[in-house]
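A look at the structure
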Amino acid sequence: MNTQTPRENLTLPLLALRGMTVFPGTLLNFDVGRKKSVFAINEAMKADQLLFLVAQKDIRTEDPAADSFHGMGTVARVRQLLHVSGENIKVSVEGLYRARLLNVTQEEPFLLAALEPCADTGRTPRPAVAQALLRHAQDLIGDYTEIGPKLPEELLTEIVAATETGKAADYIASNILPQLEDKQAVLEELNPVKRLTLVLRVLNKEIDVLRLEHEIAQKVQDRIDKGQREYFLREQMKTLAEELGEHDDTDEVNRYHQAIQKLDLPEQTAKRLHKETDRLTRMPQGSHEATVVRGWLDACLALPWNKESRDKIDLAQAQKVLDAGHYGLKKVKDRILESLAVRKLAPNQKGQILCLEGPPGVGKTTIARAIAKSMGRQFARVSLGGVRDEADIRGHRKTYIGAMPGRILAALTQAGTRNPVILLDEIDKMCESYQGDPSSALLEVLDAEQNHTFRDHYIELPFDLSDVLFITTANVIDTIPAPLFDRMELIELPSYTREEKFEIAKRHLLSQQLQKHGLTRRTLKVSDGALYDLIDFYTREAGVRRLERQIASLCRKTARILAAGEQKSVTVGSEKLEQLLGPHRFRPESIPAKDEKCVVTGLAWTSVGGETMPVEVAVLDGSGKVELTGSLGDVMKESAMAAISYIRSKADKLGVDHNFHKTKDIHIHVPEGAIPKDGPSAGVTMATALTSALLNLPVRRDVAMTGEITLRGRVLPIGGLREKTMAAYRAGVRTVIIPKENQPDLVEVDKIVKDHIRFIPADHMDTVLPNAILFPPQAEIARAEAAAQAAPVIPVPTAPVGHLSAGVVEQ
């Protein structure tokens, strides 16, 4: 092993060590996970494979600074690298020589250190002195092995064969000394004789500590022997008590054995339960361990090992159950009925996990209950919102105080059957923490290839979950880990439209709240107009929870009027509604009162449905600056720049000044600036508004549009068309320009919207501009003819011709 120390200073990559020290002439294997350390190793491998290994002063520091290291370290050569899981690397190094850290010259992307190599100092000791020190070291090692841990034969052989004091000191310190501070002190000592003397002093102190530990262990053993004696005496007292007829726990043990036999469990499971029951007979009645065993046995016997319900799948009845609790959601109901039909034809099919994804309040949980009811199965709900401990899923080890089974087996115990419908609610809101990743624990639960032998940490027995129908719910799927999401089949629940909310309120919510508040349809009459006003002016949501609360508020105020004897019945119309609930909380969406320049009505998708989104443009004298305001996201800003570049490229055709980008300042603003907005689908709207501003021409007030724009003027597809068109209908828009590739999605648009809105599919801005901007009469005819040839207005399809992915839309 070549450990010759160079004389000149050098610069090497620095690798910070935590809880360990490397000595010259030794080999060491360790794992590397920190990014800077990985980069340092990669840099060393590019050159001569040399690294400077130095221990950091505080092992808790994750990203040590230049002053966080000890002054002395070891220059080592990388012998072997092995990439393990993730970004971790297992590395094997060979210590070469000591080196003093002068300063850290670089901190990113890895640490680079200036070093001063350090050779041994002092005069060579006389052979007799060296021999005496080495013999004393061998004697201490012998004493250490008698009372301490057993050392490998190779280590003892190496110490006996040592002839140099410095190398012997390094070898003993590296392999025997337990404290990091002692190892660092040995590393910093350059005189070989003093170094070995220091090692012997530390080793002698360690031997004294081991002797003290041995004495303490002996005292503990004596106490254990005393405890065993007390146990023996208690057993004698127990026998005497049984003879006197005072107490007998044999009945309890027999009851456990009989209950285990009745369950007809697999052989290994039954054997383990009988074994724990027999242990109970050998434990003191009131001991803590006996209490733990009783709790464990009770939890195991409460599980539904062989209890199951028979599926009663009737598609017609299932349709009635779904329709009774939910209005609309036709695609969702069809998808659920398809799954039930497959289960009816293939009852042994396993591994189907449904994920209901949608905004709050659209009925995900109630749909899961309806599925369980239509199948004739028991239902259990597990709330995962905010769960950050893996033990919540798998349970705690029963050795812990207060241990209990995890939520999965607790839900099975609650359901009482081994094949219930279990709802894993809010699966997107689990959190990873230092206590573990609960989403990783769910991987086994939701995998049909693994969950037939699911082991809870508390129960510690295999339990078959393959017959359980798992249904998960989520508001967004972005936060669900990919391996977990891959095990689920997604069913999207869209936000309710205005018409759907009206029907739900009229058919379900109003009746429910009347019954809860002791009212009838005679004592409280709510007009259709009042319900529409509740939806438009008092709520703004994707679901119907706030709408239900507003109806409940209306019922409470009515109940007060009736209880006071002021009236015998209350009729609520639009005017009465405002008297009871106060002024309108949300303004109605509407289009401009007249055709205006520089303003175009766009359409946006939000988590609570669609909205109209006016885009305003101002062109001012200036030097070509572009100002974008309204809390726009990066994608929306890029859409604006793409629109400007398109207009510059078509300046001749549009009749726009060639130098407008140099002589004019452009300000694009989207109102309601406090609300963040992003997405590409406002590109067409921005391009139209900018063209109107540059040409000083008005835009049709009853036209709205949506679509992504490219630099060549192509109109690309968008998502959320159903919600956007409903927003246009509410605002009074008569014509909506949509991307041509979104034409198949018109099948999903509500009928009332299709009856009142004219749709113009466009694949290029040449179609958009003539249908939106009011050009002069002499140019309008020619442009209208060109638009008719490019993309004529077509009727709305009545049957599906395809499906378009929603993509990213502005919010």
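Everything numeric in this text was worked out from a predicted model, so none of it was measured.

Some details on the overall build of the protein chain
Looking only at helices and strands, the protein chain features 28 helices and 26 strands. Here the protein chain has a C-alpha radius of gyration of 39 Å; the compact-globule value for 811 residues is 28 Å, and the former is much larger. For the protein chain, the spread of C-alpha atoms along the three principal axes comes to 115 × 90 × 55 Å. Burial statistics for the protein chain: of 811 residues in total, 47% are counted as buried. Sequence-distant contacts, at least 24 apart, represent 73% of the contacts inside the protein chain between residues at least 6 apart. Averaging the coordinates of the 105 positive side-chain charges in the protein chain and doing the same for the 111 negative ones gives two points 5 Å apart.

Topic: helix H21 (residues 634-649)
Look at H21: 23 Å from first C-alpha to last across 16 residues, which is about the 22 Å you get at 1.5 Å a residue. Every buried residue belonging to H21 is among Met 636, Ser 639, Ala 640, Ala 642, Ala 643, Ile 644, Tyr 646 and Ile 647, and all of these are buried.

Digging into a nonpolar patch on the surface
A surface patch of nonpolar side chains, about 350 Å² in accessible area, is lined by Leu 212, Ile 216, Val 220 and Ile 224. By secondary structure assignment, the location of Ile 224 is in helix H6 (residues 192-243). Overall, Ile 224 belongs to the partly exposed group, its relative accessible area being 42%.

Some points on the packing of H21 against helix H24 (residues 683-695)
In contact at an axis separation of 9 Å, H21 and H24 are set at 45 degrees when each is read in the N-to-C sense. The angle between H21 and H24 falls in the class oblique. With respect to the hand of their crossing, H21 and H24 are arranged in right-handed fashion. Side by side, H21 and H24 meet where Met 636, Ser 639, Ala 640, Ala 643, Ile 644 and Ile 647 of the first sit next to Gly 683, Met 686, Ala 687, Leu 690, Thr 691 and Leu 694 of the second. In terms of residue class, the contact of H21 with H24 is built from nine nonpolar, three polar and no charged.

Side note on a positive patch on the surface
A cluster of like positive charges, contributed by Lys 219, Arg 223, Lys 226 and Arg 229, occupies part of the molecular surface. Here Arg 223 is to be found in helix H6.

Focus: the confidence of the model for the protein chain
Summing up the model confidence of the protein chain, the mean pLDDT is 82 and the portion of residues at 70 or higher is 92%. With pLDDT under 50 throughout, residues 789-811 is counted as low confidence; its partners more than four residues away or in other chains account for 57 contacts.

Examining the pattern of salt bridges
This model, assessed by the stated rule, comprises 39 salt bridges. The closest approach of N and O atoms between Asp 428 and Lys 429, which form a salt bridge, is 3.3 Å. Since its relative accessible area comes to 7%, Asp 428 is described here as buried. The partly exposed category is assigned to Lys 429, whose relative accessible area is 33%. The closest approach of N and O atoms between Lys 664 and Asp 621, which form a salt bridge, is 2.6 Å. Of this pair, Lys 664 sits in strand S20 (residues 664-669) while Asp 621 sits in strand S18 (residues 609-621); the two residues are 43 residues apart in sequence, bridging distant segments of the chain. A relative accessible area of 27% means that Lys 664 is categorised as partly exposed.

Some thoughts on the sheet that holds strand S17 (residues 599-606)
In spatial order, the strands read S19-S20-S18-S17-S22-S25-S26; together these seven strands make up an open sheet with mixed pairing. Of all strands in the sheet, those with a lone pairing partner are strand S19 (626-629) and strand S26 (758-762), marking the two edges. The sheet shows a mean angle of 25 degrees between the axes of neighbouring strands, direction not considered. For strand S25 (residues 735-739) and S26, the ladder comprises five bridges, and the chain directions are parallel. Bridge pairing links Thr 735 to Arg 758 in S26. Against the sheet, helix H25 (residues 721-731) touches S17, S18, S25 and S26, its axis set at about 75 degrees to S18. Of the strands in this sheet, strand S22 (703-705), S25 and S26 touch helix H27 (residues 765-772), which is tilted by about 145 degrees from S26.

Some remarks on the environment of Ser 681
Considering the arrangement of structural elements, one finds Ser 681 in the loop between S20 and H24. By relative accessible area, Ser 681 is classed as buried at 1%. Along the primary structure Ser 681 and Phe 502 are separated by 179 residues, whereas in three dimensions their C-alpha atoms are 29 Å apart. Looking at Ser 681, its side chain comes within polar contact range of the side chain of Lys 724, at 3.1 Å.

With respect to the side chain of Gln 184
For Gln 184, the position within the fold is in helix H5 (residues 180-188). Given a relative accessible area of 4%, Gln 184 falls into the buried group.

Some points on the sheet that holds strand S7 (residues 354-357)
Pairing is parallel across the open sheet formed by five strands, whose spatial order is S8-S9-S12-S7-S13. Of all strands in the sheet, those bounded by a partner on one side alone are strand S8 (379-383) and strand S13 (489-492). Each adjacent strand pair in this sheet contributes to an overall mean axis angle of 25 degrees, direction not counted. Sheet topology places strand S9 (residues 421-425) next to strand S12 (residues 469-474); four bridges connect them, and they run parallel. In the sheet register, Leu 424 faces S12, and the bridge partner there is Thr 472. Against the sheet, helix H11 (residues 330-345) makes contact with S7, S12 and S13, and its axis sits at roughly 145 degrees relative to S13, the strand it touches most.

What to know about helix H18 (residues 528-537)
In terms of burial, H18 is a largely internal element, eight of the ten residues being buried. Buried positions along H18 lie against helix H17 (498-516), strand S14 (524-526), helix H19 (545-563), strand S15 (570-572), helix H20 (574-581) and H25.

What counts, and at which threshold
- Residues numbered from 1 in each chain as written.
- Predicted model: local features only at pLDDT ≥ 70, side-chain atom pairs only at ≥ 80, totals over all residues.
- Heavy atoms only, no water.
- Helix = DSSP H or I, 4+ residues; strand = E, 2+ residues; numbered from the N terminus.
- Rg over C-alpha atoms; globule rule 2.2 N^0.38 Å.
- Buried < 20%, exposed > 50% of the residue type's maximum accessible area, 1.4 Å probe, protein only.
- Contact = heavy atoms within 4.5 Å.
- Lys, Arg positive; Asp, Glu negative; His and termini not counted.
- Charge placed at Lys NZ, Arg CZ, Asp CG, Glu CD.
- Expected span 1.5 Å × (residues − 1).
- Patch = residues over 30% accessible without salt bridge, like charges linked within 9 Å, V, L, I, M, F, W, Y side chains within 5 Å.
- Areas by Shrake-Rupley, 256 points an atom, 1.4 Å probe, with all protein chains shown as cover.
- Salt bridge = Lys/Arg side-chain N within 4 Å of Asp/Glu carboxyl O.
- Axes fitted to C-alpha atoms, helices over the stretch in contact; angles between N-to-C directions.
- Parallel < 35°, antiparallel > 145°, perpendicular 65-115°, else oblique.
- Left-handed = near helix turned anticlockwise from the far one by under 90°.
- Nonpolar A, V, L, I, M, F, W, Y, C, P; charged D, E, K, R; others polar.
- pLDDT = per-residue confidence, 0-100.
- Pairing = 2+ DSSP bridges.
- Polar contact = N/O pair within 3.5 Å; in protein donor to acceptor, adjacent residues only side chain to side chain.

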